[in-house]
Amino acid sequence: MKIHPLITTTAALADLCERLAKSDFVTVDTEFMRENTYWPELCLVQIANEEEAAAIDPLAPGIDLSPMLDLLVDNEDVLKVFHAGGQDVEIIYNLSGRTPHPIFDTQIAMMALSQSEQIGYSNLVEAWLGLSIDKGARFTDWSRRPLTERQIEYAIGDVTHLSKIFPRMLKRLIKTGRGEWLDIEMEKLADPENYRNDPGKVWEKIRPPSRNPAVLGRLRAIAAWREAEAMDKNIPRGRIMRDETLADIASHPPREQHDLAKVRGLSTGWKDNDIGRRLMQTLADAKPLTEAEMPPRAPRGAPLGKEGALVADLLKLLLKIRSREIDVASRLLARSDDLEALAAGQRKGLALLETWRYEQFGRDALELVEGRLAFAVVNGKLKMAHIDQIGNNGPAKATPAEPEADEPTGE
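Only a predicted model underlies this, so the values are computations on that prediction, with no experimental measurement involved. (Residues numbered from 1 in each chain as written. Predicted model: local features only at pLDDT ≥ 70, side-chain atom pairs only at ≥ 80, totals over all residues. Heavy atoms only, no water.)

A.B. asks: Describe the overall build of the chain, and please don't skip the residues or the numbers.
C.D. replies: Scanning the chain for helices and strands turns up 15 helices and 8 strands. Out of the 411 residues in the chain, the part that is buried amounts to 45%. For the chain, long-range pairs separated by at least 24 residues make up 62% of all intrachain contacts whose partners lie at least 6 apart in sequence. Surface accessibility of the chain: about 21,800 Å² in total, with carbon and sulfur atoms responsible for 49%. (Helix = DSSP H or I, 4+ residues; strand = E, 2+ residues; numbered from the N terminus. Buried < 20%, exposed > 50% of the residue type's maximum accessible area, 1.4 Å probe, protein only. Contact = heavy atoms within 4.5 Å. Areas by Shrake-Rupley, 256 points an atom, 1.4 Å probe, with all protein chains shown as cover.)

Below you can see the structure in the form of C-alpha cells.
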C-alpha cells in the first residue's frame, strides 16, 4: 500500500479524492480535540482504500476540505467505513451539515459476528490481523504542530489496518447471511438527526428536579441559554454551568441578580456582571410548559409489579442463551427496556418483534411471556422447549446446539 506524505494543500487533497472516488470503499478516521471547546476541533483526517492511504492536515494554512467532504457526503457509490464512528460522523456533519452515506461501522458489525458488545480498535486489529498496535501516541495533542513522523504513522495505521479488515469482515457477513441485519443499524448511525444540535431540546437530557410546569419551563429556558453561551464562547457547556446547578436554579430561582452569589456552583462575579444579567433575563422570560409540552412520566418500577420484574429477568436470561447460541452480541438482538415493555404486555413498536430480530429472538421471547415456552436442561446446557413437549417426548423443539465459533483470524 502506498502511504502519501501529509497532505497540506487543496490541490493534493483534490487529486487524492479524485482517485479514491473510484474505489468501492474508503476507510476513514479522525483525530480531534474537544476538552476545552464546545465544538470538536478537527486536527487530522486519515483516509485509505486498498491501494493507498494518506493523512490530511485540516489546520494547514489555506487548505479547503471540500474535495474530501464531497467524497464523504455526496458520493453514494463509495462506502465509507469507520470503527466506532459516531464522533467522526458528528465532526463531518458539523463541517458539512450532512453525514457520510452509505456508511459501515466495524464495531457494530462485530456485534453480528460475535458476542462483542463494543470491541475496541486495538482488539479488532489483533483479532483479525494478529497485530498489536503501538498505543504510545494515543494521548497526543493533535492540535500541536508540527506533527512527528511517528504521530502521522500511528494515525494512518488506523485506516490502513481497517482497509484490510473490512473486506474480510464483509466476506464473513455474506457467508453467515447476517449482513442485512446491520442495514438498519448503519442507517441509524448516518441519520443527521443524531447530530443536529437543538438548544431547545437540551433540557430533555437533564434529570428534571420536579414535574412542576413552571420549574420545567425555567429548566428548558436556561438550558437553551447555557447552550447558546457555550456555543458563542466555544467552551464546554459545563464551564458555563453544571447540570446540577442548572436544575437547582430552575427549582429555586434567585429573586435578584445579587442572589446569584449565593448559588453553589456559580462564580460570585455573576452577582453584577453581564452573564449574570443575561441569566436573570432568561429566567424572567421563561414560560411554564403547556400540558402538551410536558414530558411523559417515567415508569416507577416494573409495570407489572414483582411478577413483571421476574418475567423481565427471564427474558434477559433467554437473551443471554440465544446470544451465546448464535454468537451475536445480546445488545444487537434486544434492549433491556424493550424486554421490560414486552414483559409488561406491550406488543407494538418493539424492534425485537420485527424483521430478523423476531426470527432470531422475538418469536421465542413472545412465546415465553405467553406461557408457551419454558427453560429446560439438555446435555447440561440451558435451552428452551415448548411446554407441551416437556414430560412427553422430551424437549424436542429445544433451541439448536451452539454453532462452532468462526474465528476472525481464520480468514
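That covers the picture; the talk isn't over yet.
A.B. asks: An account of the environment of Met280 is requested, with residue identities and associated values reported.
C.D. replies: One can find Met280 in helix 11 (residues 274-285). Placed 189 residues apart in sequence, Met280 and Ile91 show a C-alpha to C-alpha distance of 33 Å. Residues within four places of Met280 in sequence aside, it is in contact with Pro254, Arg255, Glu256, Gln257 and Leu260.

A.B. asks: Account for the pattern of salt bridges, naming residues and giving values.
C.D. replies: Proximity of charged atoms lets side chains of opposite charge pair with each other. This model, assessed by the stated rule, comprises 24 salt bridges. Notably, a salt bridge pairs Glu229 with Arg278, separated by 2.6 Å at the nearest N-O pair. Of the two residues, Glu229 sits in helix 8 (residues 213-233) while Arg278 sits in helix 11, which places them 49 residues apart along the sequence. Residue classification places Glu229 among the buried residues on the basis of a relative accessible area of 8%. The partner of Lys271 in a salt bridge is Asp272, with the nearest N and O atoms 3.9 Å apart. Among the charged side chains, a network of salt bridges with common partners joins Glu185, Lys188 and Arg357. (Salt bridge = Lys/Arg side-chain N within 4 Å of Asp/Glu carboxyl O.)

A.B. asks: Could you give me a rundown of the packing of aromatic side chains, with the residues and numbers involved?
C.D. replies: Overall, the coordinates contain 7 aromatic pairs when judged by the stated rule. Arranged with centres 6.4 Å apart and planes meeting at 40 degrees, the rings of Tyr93 and Tyr195 form a pair that is tilted. Here Tyr195 lies in the loop between helix 7 (183-190) and helix 8 and Tyr93 lies in helix 3 (residues 86-96), a separation of 102 residues in the sequence. Of the two residues, Tyr93 and Tyr195, both sit in the buried class. An aromatic cluster of three or more residues is present, and its members are Phe25, Phe104 and Phe166. (Phe/Tyr/Trp six-rings, centres within 6.5 Å; stacked < 30°, edge-to-face > 60°.)

A.B. asks: I'd like a description of the packing of helix 5 (residues 121-129) against helix 6 (residues 149-176), backed by residues and values.
C.D. replies: In contact at an axis separation of 10 Å, helix 5 and helix 6 are set at 55 degrees when each is read in the N-to-C sense. Considering their axes alone, helix 5 and helix 6 lie oblique with respect to each other. The element helix 5 and its partner helix 6 pack so that their crossing is left-handed. Mapping the contact onto sequence places Tyr121, Leu124, Val125, Trp128 and Leu129 in helix 5 and Gly157, Asp158, Val159, His161, Leu162, Lys164, Ile165, Arg168, Met169 and Arg172 in helix 6. Here the residues of the contact of helix 5 with helix 6 are counted per class, giving 9 nonpolar, 2 polar and 4 charged. (Axes fitted to C-alpha atoms, helices over the stretch in contact; angles between N-to-C directions. Parallel < 35°, antiparallel > 145°, perpendicular 65-115°, else oblique. Left-handed = near helix turned anticlockwise from the far one by under 90°. Nonpolar A, V, L, I, M, F, W, Y, C, P; charged D, E, K, R; others polar.)

A.B. asks: Would you mind going over the environment of Arg145 in detail, with residue names and values included?
C.D. replies: Mapped onto the secondary structure, Arg145 falls in the loop between helix 5 and helix 6. Assessed through its relative accessible area of 33%, Arg145 is described here as partly exposed. In this structure the C-alpha to C-alpha distance between Arg145 and Ala60, which are 85 residues apart in sequence, comes to 9.5 Å. Sequence-distant contacts of Arg145, that is, excluding residues within four places in its chain, are made with Cys43, Asp57 and Leu59. Within the structure, Arg145 has its side chain in polar contact with the backbone oxygen of Cys43 (distance 2.6 Å). From its side chain, Arg145 meets the backbone oxygen of Trp142 in a polar contact 2.5 Å long. (Polar contact = N/O pair within 3.5 Å; in protein donor to acceptor, adjacent residues only side chain to side chain.)

A.B. asks: Tell me about the confidence of the model for the chain, and name the residues and values.
C.D. replies: Residues of the chain with pLDDT of at least 70 account for 91%, and the chain-wide mean is 90. Every residue in residues 394-407 is under pLDDT 50, and counting partners more than four places away or in other chains gives 30 contacts. (pLDDT = per-residue confidence, 0-100.)

A.B. asks: Can you lay out unusual backbone geometry for me, pointing to particular residues and giving the numbers?
C.D. replies: A cis amide bond, omega -5 degrees, links His101 with the succeeding residue Pro102. Position of Pro102 relative to the elements: it lies in the loop between helix 3 and strand 6 (103-105). For the bond from Arg145 to Pro146, the omega torsion is 0 degrees, close enough to zero to count as cis. Relative to the assigned elements, Pro146 resides in the loop between helix 5 and helix 6. A positive phi is found at Ala84, a non-glycine position, where the angle reads about 50 degrees. Mapping Ala84 onto the fold places it in the loop between strand 5 (79-82) and helix 3. With a phi angle near 55 degrees, Asn234 is a residue other than glycine that sits in the positive phi range. Asn234 gets classed as partly exposed once you look at its relative accessible area, which sits at 30%.

A.B. asks: Just give me the short version of the pairing of strand 8 (residues 381-386), but keep the residues and values in it.
C.D. replies: Alignment of strand 7 (residues 373-378) against strand 8, held across 6 bridges, turns out to be antiparallel. Paired with Phe375 across the bridge in strand 8 is Met384. (Pairing = 2+ DSSP bridges.)

A.B. asks: Describe a nonpolar patch on the surface, with residues and values.
C.D. replies: A contiguous nonpolar surface patch, about 310 Å² in accessible area, is contributed by Leu314, Leu317, Val377 and Leu382. Within the secondary structure, Leu314 sits in helix 12 (residues 305-326). (Patch = residues over 30% accessible without salt bridge, like charges linked within 9 Å, V, L, I, M, F, W, Y side chains within 5 Å.)

A.B. asks: Kindly report on the environment of Gly157, identifying the contributing residues and their values.
C.D. replies: Among the secondary structure elements, Gly157 is positioned in helix 6. In this structure the C-alpha to C-alpha distance between Gly157 and Ala55, which are 102 residues apart in sequence, comes to 10.0 Å.

A.B. asks: A description of the pairing of strand 3 (residues 41-48) should follow, citing residues and the corresponding values.
C.D. replies: The element strand 3 is largely enclosed, with a buried count of 7 among its 8 residues. Across 4 bridges, the pairing between strand 3 and strand 4 (residues 52-56) is antiparallel. What sits directly across from Ile47, in strand 4, is Ala54. Two successive antiparallel strands, strand 3 and strand 4, enclose a turn made up of 3 residues.

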